[in-house]
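Remarks on the overall topology
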Amino acid sequence: MSSQPQPVPQPPGPVDAGADALAGAQQLTDVITRLRRALRSSIRSEFPWEALPMAQVELLQTLAASPLRVGELAARQRLAPNTVSGLVSKLLEAGLVDRQPDPGDRRTARIALTEAGHQQLRDWQSAHERRLATALESLAPTDREAVMRALPGLDRLAHSLAGTDPAR
C-alpha cells in the first residue's frame, strides 16, 4: 500500500468552465443544425409544398400576430430591409400576404397574412408537429423524457440569444 497522498480533485476553474461552455455550444450547434435539416428533409418528402424557404416561413410566423411594415419585419427578423422586401414580394406573388394601408401613415403599407397565408402556416405547423410527435414516440422513454425536460432551458436559451425576457 502506498503512503503517498492522493491528489484532491479540484473544481474546474474559469478556463475549464469556458472550455466546457464552448464544447457544449459546439455540440448544441451541431445537434440543432442536424435537427432542422432532418425535419425539413422529412417534411419535404411527405409534403411537396414544403419547399417554402425557412426565411419566408419565419416571416409568415411573425405576421401571424399582426400586420407589420417591411421595416418592422426587417427589425424583428434582424434582416436587411431590402432582403425582407424581396421575401415579401415572393409571398405576395404566392398570395400568402397582401399589402394593407397603414392607418398611421398613408405613405406606407403594412404586410398582412391572407387567409391562404394563415392556412399555409397552420398546415406547416401541423405537419411539423406530427413529424416531431412521430419521432418523439420512436425514442426510448428515457430519451423522450430527457428531451421534454430540456425544453424550458432551451426556451430560456432562445430568449437569451434573442435578447428578450420571457417574464415581460
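You'll find the structure just up there.
Now for a look at the structure at hand.

Points about the overall build of the protein chain
Summing up its helical and strand segments, the protein chain has six helices and two strands in all. For the protein chain, the N- to C-terminal ordering of α and β elements is α-α-α-α-β-β-α-α. Taken over 168 residues, the protein chain has a buried fraction of 22%. Look at the contacts in the protein chain between residues 6 or more apart in sequence, and 48% of them connect residues 24 or more apart. Of the accessible surface of the protein chain, which amounts to about 11800 Å², a share of 58% is contributed by carbon and sulfur atoms.

Considerations on the nonpolar core
Ranked by size, the top nonpolar core spans 20 residues in total, and within it Leu60 and Leu73 carry the most contacts. The element contributing the most residues to this core is helix α2 (residues 54–63), with five residues. With residues near it in sequence (within four places) discarded, Leu60 still touches Leu52, Leu91, Leu96, Val97, Leu113, Gln120 and Leu121.

Quick word on α2
Within α2, seven of the 10 residues are buried, which leaves it mostly tucked inside the rest of the structure. Of the residues making up α2, those classed as buried are Met54, Gln56, Val57, Leu59, Leu60, Thr62 and Leu63.

Points about the pattern of salt bridges
A complete count under the given rule lists six salt bridges for this structure. With a shortest N-O distance of 2.4 Å, Arg69 and Asp102 are connected by a salt bridge. Taken together, the residues span a long stretch of sequence, with Arg69 in the loop between α2 and α3 (70–77) and Asp102 in strand β1 (residues 97–102) at a distance of 33 residues. For Arg69, a relative accessible area of 30% puts it in the partly exposed group. For Asp102, a relative accessible area of 6% puts it in the buried group. With a shortest N-O distance of 2.8 Å, Glu115 and Arg122 are connected by a salt bridge. Ionic contacts of the salt-bridge type, sharing partners, join the residues Arg69, Glu72 and Asp102 into one network.

Some thoughts on unusual backbone geometry
The phi dihedral of Arg78 is positive, around 55 degrees, even though this residue is not glycine. With relative accessibility at 61%, the residue Arg78 sits in the exposed group.

Let's talk about the side chain of Gln56
You can see Gln56 is positioned in helix α2. Discounting chain neighbours no more than four positions away, the residues touching Gln56 are Leu87, Lys90 and Leu91.

Considering the packing of α2 against helix α4 (residues 81–93)
Between α2 and α4, the least distance of the axes is 10 Å, while the angle of their chain directions is 85 degrees. Taken together, α2 and α4 sit at an angle that is classed as roughly perpendicular. Two secondary-structure elements touch here, α2 through Ala55, Gln56, Leu59 and Leu60 and α4 through Val84, Leu87, Val88, Lys90 and Leu91. Classifying every residue of the contact of α2 with α4 gives seven nonpolar, one polar and one charged.

Focus: the environment of Ile111
Its place among the elements puts Ile111 in strand β2 (residues 105–113). Those residues in contact with Ile111, other than ones at most four positions away along the chain, are Leu63, Pro67, Leu68, Val70, Leu73, Val88, Val97, Asp98 and Arg99.

Calculation notes
Residues numbered from 1 in each chain as written. Predicted model: local features only at pLDDT ≥ 70, side-chain atom pairs only at ≥ 80, totals over all residues. Heavy atoms only, no water. Helix = DSSP H or I, 4+ residues; strand = E, 2+ residues; numbered from the N terminus. Buried < 20%, exposed > 50% of the residue type's maximum accessible area, 1.4 Å probe, protein only. Contact = heavy atoms within 4.5 Å. Areas by Shrake-Rupley, 256 points an atom, 1.4 Å probe, with all protein chains shown as cover. Core = buried A, V, L, I, M, F, W, Y, C linked by side-chain atoms within 4.5 Å. Salt bridge = Lys/Arg side-chain N within 4 Å of Asp/Glu carboxyl O. Axes fitted to C-alpha atoms, helices over the stretch in contact; angles between N-to-C directions. Parallel < 35°, antiparallel > 145°, perpendicular 65-115°, else oblique. Nonpolar A, V, L, I, M, F, W, Y, C, P; charged D, E, K, R; others polar.

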